Amino acid sequence: VIMIRWYFADFYHYFANDFNGSKLYPPSKSEKILFWLGKLTYFCYTFLIPSILFGVGWGIVYYLTFAIAASYSFAFQFTVNHLTPEVYWPPSKTLQVEKDWAKLQIMTSSNYAEGSFIATLFSGGLNYQIEHHLF
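Described in the following lines is the structure provided in the data block. (Residues numbered from 1 in each chain as written. Predicted model: local features only at pLDDT ≥ 70, side-chain atom pairs only at ≥ 80, totals over all residues. Heavy atoms only, no water.)

1. Things to note about the overall build of the chain
Counted only if it meets this: Helical segments are the DSSP runs of H or I of at least four residues, strand segments are the runs of E of at least two, and each set is numbered from the N terminus. All radius of gyration figures rest on C-alpha atoms, and the globule criterion is 2.2 Å times the number of residues raised to 0.38. Only protein chains enter the accessibility calculation, which uses a 1.4 Å probe; a residue is then buried when its area is under 20% of its type maximum, exposed when over 50%, and partly exposed in between. Residue contacts follow a heavy-atom distance rule, with two residues in contact if any of their heavy atoms lie within 4.5 Å. Only the protein chains shown count as covering a residue, and every accessible area follows the Shrake-Rupley method with a 1.4 Å probe. The convention is simple: Lys and Arg are positive, Asp and Glu are negative, and His and the chain ends are not counted. A charge is said to be at NZ when it belongs to Lys, at CZ for Arg, at CG for Asp and at CD for Glu.
Helix and strand counts for the chain stand at 6 helices and 2 strands. Reading the chain from its N end, one meets helices and strands in the order α-β-β-α-α-α-α-α. For a compact globule of 135 residues, the expected C-alpha radius of gyration is about 14 Å, and the chain comes in at 18 Å, more than 25% above that figure. Overall, the chain is about 55 × 40 × 30 Å in size when its C-alpha atoms are taken along their principal axes. Counting only residues that meet the buried cut, the chain has 24% of its 135 residues in that class. Here the contacts in the chain between residues at least 6 apart in sequence split such that 43% fall between residues at least 24 apart. When the accessible surface of the chain is summed, it comes to about 9800 Å², and 72% of that surface belongs to carbon and sulfur atoms. Taken as two groups, the 8 positive and 8 negative side-chain charges of the chain have centres that lie 13 Å from each other.

2. Quick notes on the side chain of His13
Definition in use: Contacts described as polar in this section are N or O atom pairs within 3.5 Å, which, within protein, must combine one atom able to donate a hydrogen with one able to accept it, while residues neighboring in sequence count only if both atoms come from side chains.
Take His13: it is sitting in helix H1 (residues 2–16). The exposure class assigned to His13 is buried, which follows from its relative accessible area of 16%. At 2.8 Å, the side chain of His13 and the backbone oxygen of Asp18 are in polar contact. Ignoring any residue separated from it by four or fewer positions in sequence, one finds His13 in contact with Asp18, Phe19, Asn20 and Leu24.

3. Things to note about the pattern of salt bridges
The test is simple: For this analysis, a salt bridge means a side-chain nitrogen from Lys or Arg found within 4 Å of a carboxyl oxygen belonging to Asp or Glu.
Under the defined criterion, the tally for this structure stands at 1 salt bridge. For Asp10, the salt bridge identified is with Lys39, shortest N-O distance 2.8 Å. Within this pair, whereas Asp10 is found in helix H1, its partner Lys39 is found in helix H2 (residues 29–54), the two being separated by 29 residues in sequence. We classify Asp10 as partly exposed; its relative accessible area is 34%.

4. Here's the deal with a nonpolar patch on the surface
Operational definition: For patch detection, residues must exceed 30% relative accessible area and be free of salt bridges, and they are connected within 9 Å for like charges or within 5 Å for nonpolar side chains (Val, Leu, Ile, Met, Phe, Trp, Tyr).
A cluster of nonpolar side chains, Leu40, Phe43, Tyr45, Leu48, Ile49, Ile52, Leu53, Phe54, Trp58, Val61 and Tyr62, forms an exposed patch at the surface whose accessible area comes to about 1100 Å². Mapped onto the nonpolar patch, the elements with two or more residues apiece are H2 and helix H3 (56–82). With 8 residues, the top contributor of residues to the nonpolar patch is H2. Tracing the chain through its elements places Leu48 in helix H2.

In C-alpha cells, the structure reads:
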C-alpha cells in the first residue's frame, strides 16, 4: 500500500538526511516541528483515536481502510495526470533528457476537467497537475 510505505519512508529520509541518493539540507527548527506534528496528527486521527473509541482491532481496521482508500485516490490522480497519450515520457537514462526543470514538469503532466468545480473539490485541486508541479 503506497500510503503506508510513504508514511514510514519519511522517517528514513528524515534521519538519514538523504532522499534517493541526494543529501537533504538540514531542516530548520520550524520544519522539524511541522514534520513531527504532521506525523503525530496523522497517527492520532488514523489509528490512536479510533483505537481509543472502538478498540485496537477497529483502530487497525480504520487505519488500513484509510491507507487503502488514500492509495487508490493517489493512484487515480497519478493515472489521469501522468499516464495519458499527450504526456511526454523521458527516454532511457542513456539518452538526452530535457534539462529545463519547468519545461519537463509541463511536458510530463497534464490537467483534466479544467473548470469543473466537482473535479477540483474531490481532487483537492490536483486536476490542475501542471500548476501543482510548477508551484
